[in-house]
Amino acid sequence: MTKPETVYVTYIAAKPEQVWQALTSGEFTKQYFFGRRMESDWKVGSPWTLWMEDGRVDCQGKVLESDPPRRLSMTWHVEWMEEFRRLPPGVVTFQLDALGDVVRLTVMESHHESIDEKYKEGGRRGWPVILCGLKSLLETGRPLPPFDMSA
Amino acid sequence: MDKLEFFYVTYIATTPEKLWTALTSAEFTRQYWFGMAIESDWRVGSSVLYRQEGEITDRGTVLTFEPPRLLSYTFHPVLDEEMRRERPSRVSFEIEPLGGKTEPQGQAVRLTVTHDDFPPESKVFPRIRAGWPAILSSLKSLLEGGKPLSAACR
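Residues numbered from 1 in each chain as written. Chains lettered and ligands numbered in written order. Predicted model: local features only at pLDDT ≥ 70, side-chain atom pairs only at ≥ 80, totals over all residues. Heavy atoms only, no water.

### Brief notes about the overall build of chain A
Phase 1 of the analysis: When its secondary structure is counted, chain A shows four helices and seven strands.
Phase 2 of the analysis: Computed over its C-alpha atoms, the radius of gyration of chain A comes to 15 Å, within 12% of the 15 Å expected for a compact globule of 151 residues.
Phase 3 of the analysis: A separation threshold of at least 6 residues defines the contact pool for chain A, and within that pool the share at least 24 residues apart is 45%.
Phase 4 of the analysis: Of the accessible surface of chain A, which amounts to about 7300 Å², a share of 52% is contributed by carbon and sulfur atoms.
Phase 5 of the analysis: Of note, chain A has its 19 positive side-chain charges centred 2 Å away from the centre of its 22 negative side-chain charges. (Helix = DSSP H or I, 4+ residues; strand = E, 2+ residues; numbered from the N terminus. Rg over C-alpha atoms; globule rule 2.2 N^0.38 Å. Contact = heavy atoms within 4.5 Å. Areas by Shrake-Rupley, 256 points an atom, 1.4 Å probe, with all protein chains shown as cover. Lys, Arg positive; Asp, Glu negative; His and termini not counted. Charge placed at Lys NZ, Arg CZ, Asp CG, Glu CD.)

The structure is reproduced here in C-alpha cells:
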C-alpha cells in the first residue's frame, strides 16, 4: 500500500459528531451516496457493507481504525462488478478535523501497487460527488439534486 | 516529484449564472473568500486585483472570459517578497450545468478549478493547494444555504 493517491478535502459547517453519523449511518448515506446504505457496528475488525437499493452488495471490507468522531479507516473491496471482485482491496480513510464551528473532512484512498489506473477512476470521480452531497445535506437539509454524472 | 497542479471538482446546487456572478463579483467574493475582494473589469488582458482590508495581496491578468462557462486568469502574490519573485501561475474555472431531474429546483453545476503553470520548487503552490478547498467549500455553502463558512476554518 502506497501513500493515498486519491485525496479529497471539503469543509462542512457541522459538528464532527454529525459528520461522523452522516458517514456511518445507512439512514444518512442512502440520501447522498447514490442511494446506498452503509452498515457496520464500526468496531475495529468488524465487517462493513455498502448496500445497493436492490439489496445487492456494492462494496464491503473490514474496519481498520475507528476513533469517533475523528478518524475512520477501512479496507474497501468493490463487489458488484466482476472485474473489480478479483482485485486486492484498497484502503479508505476519513479524517475529521474540527476547526471552530467547521469540520475539515479529508477522504484518502490508497490502492495496492499492482492496481491499474483505470480502477482508480471510480474513486476520483465519485468522492467529490458523494462528499458534496454530504455537505449539502448537513448544511441545508437537502442532498444535491439528482443528475447524470457522465454529463 | 508530483506535478505542480491543483485540481478540484465541486458540485453545487445552483445555476451557472449565479456561480459565475459569485466568481466575478467582489461583493460576492468578499463573503465566501474570507474577506477577499477580487476586482477586475473582466476584459481579456485586464488586470485582476485581490484586495484584503484595502491592501492588494495578489494580482493577475484575465486570460479567458466566457460567461457562464470559462474563466481564467494569472495569479501572482505580491505581498510576500519571496513569492513576488516567482513568475505568475494560472487559475482556471470551468462551469458545467448538470441536467437535474426535478428542474427548476433541481439545478446543479460542476465547478472544476485547475491551478497550474507553476515553476519547479514553487513557494506559491503549497499555499494555494492548502487554501482552495476551504474557499470553494465556503462558496458552495453561500450559494446553497445563504451563509459562507466562518474564517475559523482557514
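After that view of the structure, there is still more to cover.
### Quick notes on the sheet that holds strand E2 (residues 37-39) of chain A
The pairing of strands in a sheet happens through backbone hydrogen bonds and is either parallel or antiparallel.
Residues and elements named next belong to chain A.
Phase 1 of the analysis: Strand order in the open sheet made by the seven strands is E1-E7-E6-E5-E4-E3-E2, with antiparallel pairing throughout. The open sheet has two edge strands, strand E1 (6-12) and E2, and neither has a second partner. Taken over all neighbouring pairs, the strand axes of this sheet differ in orientation by 20° on average, direction set aside.
Phase 2 of the analysis: Sheet topology places strand E5 (residues 71-78) next to strand E6 (residues 90-99); six bridges connect them, and they run antiparallel. Note on E6: the bridge partner recorded for Arg71 is Gln95. (Pairing = 2+ DSSP bridges. Axes fitted to C-alpha atoms, helices over the stretch in contact; angles between N-to-C directions.)

### Observations concerning the interface of chain B and chain A
Phase 1 of the analysis: Counting residues at the interface gives 28 residues for chain B and 27 residues for chain A.
Phase 2 of the analysis: The junction of chain B with chain A conceals about 1900 Å² of combined surface from both sides, 61% of it contributed by carbon and sulfur atoms.
Phase 3 of the analysis: If you look at where chain B meets chain A, you find zero salt bridges.
Phase 4 of the analysis: Linking chain B with chain A are 12 residue pairs in polar contact (both at pLDDT 80 or more), by the criterion used here.
Phase 5 of the analysis: Residue assignment for the side of chain B that touches chain A shows that the elements contributing at least two residues are strand E1 (6-12), strand E6 (89-98), strand E7 (108-116) and helix H4 (124-145) of chain B.
Phase 6 of the analysis: By residue class, the composition of the side of chain B that touches chain A is 13 nonpolar, nine polar and six charged. (Buried area = accessible area lost by both parts, 1.4 Å probe. Salt bridge = Lys/Arg side-chain N within 4 Å of Asp/Glu carboxyl O. Polar contact = N/O pair within 3.5 Å; in protein donor to acceptor, adjacent residues only side chain to side chain. Nonpolar A, V, L, I, M, F, W, Y, C, P; charged D, E, K, R; others polar.)

### Overview of unusual backbone geometry
Phase 1 of the analysis: The linkage connecting Pro68(A) with the following residue, Pro69(A), adopts the cis geometry, with an omega of -5°.
Phase 2 of the analysis: As for its placement among the helices and strands, Pro69(A) is situated in the loop between strand E4 (57-67) and E5.
Phase 3 of the analysis: That bond from Pro67(B) to Pro68(B) is cis: its omega, -10°, falls within 30 degrees of zero.
Phase 4 of the analysis: Secondary-structure assignment places Pro68(B) in the loop between strand E4 (55-66) and strand E5 (70-77).
Phase 5 of the analysis: Of note in the backbone geometry, Phe34(B) takes a positive phi value of approximately 55° without being a glycine.
Phase 6 of the analysis: Mapped onto the elements, Phe34(B) comes out in the loop between helix H2 (26-32) and strand E2 (36-39).
Phase 7 of the analysis: Of the residues examined, Phe34(B) reaches a relative accessible area of 12% and is grouped as buried.
Phase 8 of the analysis: One non-glycine residue, Asp117(B), lies in positive phi territory at about 65°.
Phase 9 of the analysis: With respect to the helices and strands, Asp117(B) occurs in the loop between E7 and H4.
Phase 10 of the analysis: With a relative accessible area of 38%, Asp117(B) lands in the partly exposed category. (Buried < 20%, exposed > 50% of the residue type's maximum accessible area, 1.4 Å probe, protein only.)

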